[in-house]
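# Survey of secondary and tertiary structure
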Number of protein chains: 2
Amino acid sequence: MAQRFAITLTQLSYFVECAKTLNMTAASQELHIAQSAVSTAINQLEKSLGAPLFVRQHSKGLVLTPAGEELLQQARQIFGLITDTVESIQAGQKEVRGTITLACFKTLAPFLLPQLLGRLQEKYPELTVDVIEGDHEEAMGALRSGRAEIALNYDLTETDGIHSEVVGEVRPHVIVHTDHPLARRRKVALVELADDPFVLLDLPDSREYFLNILRAAAITPRVKYRSAGYETVRSMVAMGLGFSILNQRPRISQTYTGARTAILEISDPAPSLHVAISTLARGAQTGKARAVTATVKEILAEAAQP
Amino acid sequence: MAQRFAITLTQLSYFVECAKTLNMTAASQELHIAQSAVSTAINQLEKSLGAPLFVRQHSKGLVLTPAGEELLQQARQIFGLITDTVESIQAGQKEVRGTITLACFKTLAPFLLPQLLGRLQEKYPELTVDVIEGDHEEAMGALRSGRAEIALNYDLTETDGIHSEVVGEVRPHVIVHTDHPLARRRKVALVELADDPFVLLDLPDSREYFLNILRAAAITPRVKYRSAGYETVRSMVAMGLGFSILNQRPRISQTYTGARTAILEISDPAPSLHVAISTLARGAQTGKARAVTATVKEILAEAAQP
DNA sequence: CAACGGCATCACTTCAACAGATGGACCTGC
DNA sequence: GCAGGTCCATCTGTTGAAGTGATGCCGTTG
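I will try to describe carefully the structure that is included in this document.

Here is what the cut-offs are and how they apply
Residues numbered from 1 in each chain as written. Chains lettered and ligands numbered in written order. Predicted model: local features only at pLDDT ≥ 70, side-chain atom pairs only at ≥ 80, totals over all residues. Heavy atoms only, no water. Pairing = 2+ DSSP bridges. Helix = DSSP H or I, 4+ residues; strand = E, 2+ residues; numbered from the N terminus. Contact = heavy atoms within 4.5 Å. Buried area = accessible area lost by both parts, 1.4 Å probe. Salt bridge = Lys/Arg side-chain N within 4 Å of Asp/Glu carboxyl O. Polar contact = N/O pair within 3.5 Å; in protein donor to acceptor, adjacent residues only side chain to side chain. Core = buried A, V, L, I, M, F, W, Y, C linked by side-chain atoms within 4.5 Å. Buried < 20%, exposed > 50% of the residue type's maximum accessible area, 1.4 Å probe, protein only. Near = heavy atom within 4 Å.

## Quick notes on the pairing of strand β2 (residues 61–64) of chain B
Residues and elements named next belong to chain B. Pairing geometry for strand β1 (residues 54–57) and β2, over 4 bridges, is antiparallel. Each bridged residue has a counterpart across the sheet, and for valine 55 the counterpart in β2 is valine 63. Hairpin connection, β1 to β2: the antiparallel pair is bridged by 3 residues, and serine 59 has positive phi, about 55°.

## Side note on the interface of chain A and chain B
Taken together, the contact between chain A and chain B spans 44 residues of the former and 44 residues of the latter. Across the chain A/chain B interface, buried area totals approximately 3,900 Å², and carbon plus sulfur atoms make up 66% of it. For the interface between chain A and chain B, the tally reads 0 salt bridges. The tally of links from chain A across to chain B stands at 6 residue pairs in polar contact (both at pLDDT 80 or more).

## Considerations on the nonpolar core
Within the largest apolar cluster, 64 residues are counted, with the highest numbers of intra-cluster contacts made by A:Phe15, A:Phe54, B:Phe15 and B:Phe54. Not counting residues up to four positions away in its chain, the partners in contact with A:Phe54 are A:Phe15, A:Cys18, A:Ala19, A:Leu22, A:Ile42, A:Glu46, A:Leu62, A:Val63, A:Leu64, A:Thr65 and B:Arg282. B:Tyr209, B:Phe210, B:Ile219 and B:Ala289 belong to the second largest nonpolar core, which has 56 residues in total.

## A closer look at the sheet that holds strand β10 (residues 222–227) of chain B
Strand pairing in a sheet relies on backbone hydrogen bonds, with the paired strands running either antiparallel or parallel. Residue and element names in this part refer to chain B. As summarised here, the arrangement of the 6 strands in space is β8-β12-β7-β11-β9-β10, forming an open sheet in which the pairing is mixed. Of all the strands in the sheet, the pair left with one neighbour each is β8 (187–188) and β10. In this structure, strand β7 (residues 172–177) lies alongside strand β12 (residues 261–266), joined through 4 bridges in antiparallel fashion. Paired with valine 174 across the bridge in β12 is leucine 264.

## A closer look at the protein's contact with DNA strand C
In the vicinity of DNA strand C there are 24 residues, among which A:Thr25, A:Ser39, A:Arg56, B:Tyr14 and B:Ala34 approach most closely. For DNA strand C, the backbone portion of the atoms within 4 Å of the protein, that is sugar and phosphate, comes to 70%. Within the side chain of A:Asn23, a nitrogen or oxygen atom sits 3.2 Å from a phosphate oxygen of DNA strand C. Note that a phosphate oxygen of DNA strand C is positioned 3.0 Å from one of the backbone N or O atoms of A:Met24. Mapped onto the surface near DNA strand C, the elements with two or more residues apiece are α2 (24–31), α3 (35–49) and β2 (61–64) of chain A together with α3 (35–49) of chain B. Element by element, the count of residues in the surface near DNA strand C is highest for α3(A), at 4 residues.

Here's what the structure looks like:
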């Protein structure tokens, strides 16, 4: 088809080399192509522009015409602009500055974000982090739609087009009222709670996960209350309305406020949740994204160590 | 071979169209190419830059990434610069302004240049004319070397690579002292001057021409004096040192000063000289060159009319 | 005048761009 | 929930542009 633009960057670069050497043969060697290729390229360029660029001096090389002078000057600017653009974009992918938008699973946010944002601020003062909180679908939607560059959540579903990396493991724990008979125990078997009413954290993806843990222990849960709010569930347990199972970060949980609840390990082989960082699979990761990923890993590693 | 520049203007133009429509299919139709071509072009561009430009929304088109935003902005500038450059050069070929360098055969200059420069100044106030005077070889050399864009001389030799156009005819005339027996005549046969001493205008190309005129009339010229200067030859004739043959513009000659010489037509079938305007054959002519050519023709046409 | 330098041109080759078809992922409406 | 539609990616085959190497022409130089 007809070229949208008359000239080619290749032609222009050949022209610049010719203008430098004033000798097509020398230029062709410099460019590592045949002399004939340079000749045809320059001729085409002249034809496209409708102006001669060089005066050919037989066996004495080339002389720039006024049109050639003008083109040379402009060509330098054009290449400058293009290389600046390319380099700026490539650098933008590497540099850790500017803004990154992070999507975060709602219940993960309070345990992770305060430390994460603090640490990032400290390490990368020029980086601004925007946060989108939401449920799993919302977080992944933000990622897919480009509203967020990186997403932090549990790896509940494996979707394609998205690259996920597990950065931490979160084991489920039982939460009971401090007056509960088992509250003093460090570890319980789920069957010991078989008769207690269950308070369910009722979020799109978590729902099945928690119920499955109980079912795996051959318990038919008496779901007395349910809520989509993490804090609400804890309050209900604190009020003595039942026990619950939550995914709680061991270290962080201790500092997370709230009295009147005890956290117990589960002796059953309950499946852990994996905290995953997701980005779009297409293309290399941004420097910003890598910085966030690294910092999250750092924090989780520190939390895992005593 | 490896592309000197990672990206292509074609790719960039496809990208811009995609960024406008946010839909590769629509862009491909707008560009009149297959959708697959757009897809691969964008993918290559992303690969070259090492950055994703669009987030693909299945069945909902595209969303620009930050890198894409930046590229779009820069691409507009790049295309602006390129089209400005191309247009400026193309316009520069057409516009009659700036400077043109004109090479002129030395003996033609005093008859033609004063009128020509005056007329050009009047018609094209923004045009500056630089003049290089010299013999035929010097004028053509200036043309070939690019020092002059246009050359004005007699079409003595037909050289290739140079486009020449005959714009006027100059018949040779006899010049004699006003006291010469034939001075009153309007027309003479050369044989009538066979015994007079001849004053030769001795320039590289004119020499043979004048002598040939005499030889054609079966006269063996008695070359008493010779000079490379037109004025010198006239002075010699005015001093009565002999007769001469010169190419003289009929109309202009009358106003060209100097007494004591008479100008006679030659009844023999002596070959005229043709005034030719030459430019390099390569490429189209500049607007400036066309303006000069036209003005020269204009002046010569007026001179030919009574 | 012969050797050389330098650009243009020719015939041939190669590779990137393109067309057209297909498939997968997702959205939408019934 | 399923059928149809949208949109992008990918595959295969084709075509044209860019490149190669040889040759010729012109002009310079010693």
